[in-house]
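These are the residues of each chain, in order.
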Amino acid sequence: LLAGYAYAHWLGTKTSVKTQIVVHLSITLLASLLLPIGIASGWTPPTEGDATLWLLGLFAVSLGAPFFALSANAPLLQKWYAATGSKDADDPYFLYAASNIGSFGALMAYPFLLEPMFGASAQSQSWTYGYFALVVGLILCGWIASRGDNATAVIRETKAEETAKPTAKELAIWIALAFLPSSLMLSITAKISTDVGSFPLIWAVTL
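Anyway, here's the lowdown on the structure attached to this text.

1. A look at the nonpolar core
- In terms of nonpolar packing, the biggest core is built from 12 residues, these being Tyr7, Ala8, Leu11, Val17, Ile21, Leu25, Ala72, Leu76, Trp80, Ala83, Leu138 and Ala145.
- Listed by contribution, the elements that provide at least two residues to this core are α1 (2-14), α2 (17-31), α4 (73-82) and α6 (120-146).

Right under this line is the structure:
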């Protein structure tokens, strides 16, 4: 996720929208070569010590490339929408809110609907179909954005926004605001799972 956001930030600030479309569609299609997703074989869990790095490596090999491509969609699609010249294109961040709502809806639907109704193989196959449906959607969005007034320019923030850099106090406040809900969710989840019991997606309630 962090790598995908860094890639989207670099691509969105250093290249034109038309270049972004070509590069991102190419990476998304290349990642599709690793579908359908599934746990990679040949990985033996460590018998001693912490398995965190092993688990991260297993997930990176198993589904890292498609996830990398997908994680960049939200910021890049905002850039593409800003290039269309629509009446609200100067404030495309409502798309991020829509993305979060969709993610949370899928998160809650999984344990109650998808997992009970479909096995792992069916889920993986359905996910593959959804991925290629997304590719079609990206092509359509890219075609619309490429016809916009700002498609050939590198879209940058306004001059006032570029010069108004945040102060150290503002940065500290932002870090604190991000730290508080994350630490609360983790601590409450740990408390419940330790003293009450553990069940799938317990942290979705605190989230």
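Additional details are given in the paragraphs that follow.
2. Some thoughts on the side chain of serine 124
- Checked against the element boundaries, serine 124 lands in helix α6.
- Overall, the relative accessible area of 12% leaves serine 124 in the buried class.

3. Topic: the pattern of salt bridges
- The final tally for this structure, using the stated rule, is 1 salt bridge.
- Put simply, lysine 191 and aspartate 195 hold a salt bridge, and the shortest N to O gap is 2.6 Å. Here aspartate 195 and lysine 191 lie together in helix α8 (residues 168-195), a separation of 4 residues that amounts to about one turn.
- According to the relative accessible area criterion, lysine 191 is exposed, its value standing at 53%.

4. A short note on the packing of aromatic side chains
- Taken as a whole and judged by the stated rule, the model has 5 aromatic pairs.
- Between tyrosine 81 and phenylalanine 94, the ring centres sit 5.8 Å apart and the planes meet at 90 degrees, which makes this aromatic pair edge-to-face. Residue tyrosine 81 is found in helix α4, and its partner phenylalanine 94 is found in helix α5 (residues 94-117); the two are separated by 13 residues along the sequence.
- Judged by its relative accessible area of 42%, phenylalanine 94 is partly exposed.
- When the ring centre of tryptophan 143 is taken as reference, the NZ or CZ atom of arginine 147 above it lies at 4.7 Å.

5. Thoughts on α1
- Between its first and last C-alpha, α1 extends 18 Å over 13 residues, near the 18 Å set by a 1.5 Å rise per residue.
- Listed in full, the buried residues belonging to α1 are Gly4, Tyr7, Ala8, Leu11 and Gly12. In a view along the axis of α1, the buried residues occupy a sector of 120 degrees, so they form one face of it. Structural note: α1 exposes Leu2, His9 and Lys14 on the side pointing more than 90 degrees away from its buried face.
- Looking at the buried residues of α1, the elements they touch are α2, α3 (52-71) and α4.

6. Concerning α2
- The terminal C-alpha atoms of α2 lie 21 Å apart, and with 15 residues this matches the ideal 21 Å at 1.5 Å per residue to within 8%.
- Every buried residue of α2 is listed here: Val17, Gln20, Ile21, His24, Leu25, Thr28 and Ala31. Each buried residue of α2 lies within a common arc of 125 degrees when the element is viewed along its axis, so the set occupies one face. Opposite the buried face of α2, at more than 90 degrees from it, the exposed residues are Val22 and Leu30.
- Looking at the packing, one finds that the buried side of α2 touches α1, α3, α4 and α6.

About the thresholds
- Residues numbered from 1 in each chain as written.
- Predicted model: local features only at pLDDT ≥ 70, side-chain atom pairs only at ≥ 80, totals over all residues.
- Heavy atoms only, no water.
- Core = buried A, V, L, I, M, F, W, Y, C linked by side-chain atoms within 4.5 Å.
- Buried < 20%, exposed > 50% of the residue type's maximum accessible area, 1.4 Å probe, protein only.
- Helix = DSSP H or I, 4+ residues; strand = E, 2+ residues; numbered from the N terminus.
- Salt bridge = Lys/Arg side-chain N within 4 Å of Asp/Glu carboxyl O.
- Phe/Tyr/Trp six-rings, centres within 6.5 Å; stacked < 30°, edge-to-face > 60°.
- Lys NZ or Arg CZ within 6 Å of the ring centre and 35° of its normal.
- Expected span 1.5 Å × (residues − 1).
- Arc of directions from axis to C-beta.
- Contact = heavy atoms within 4.5 Å.

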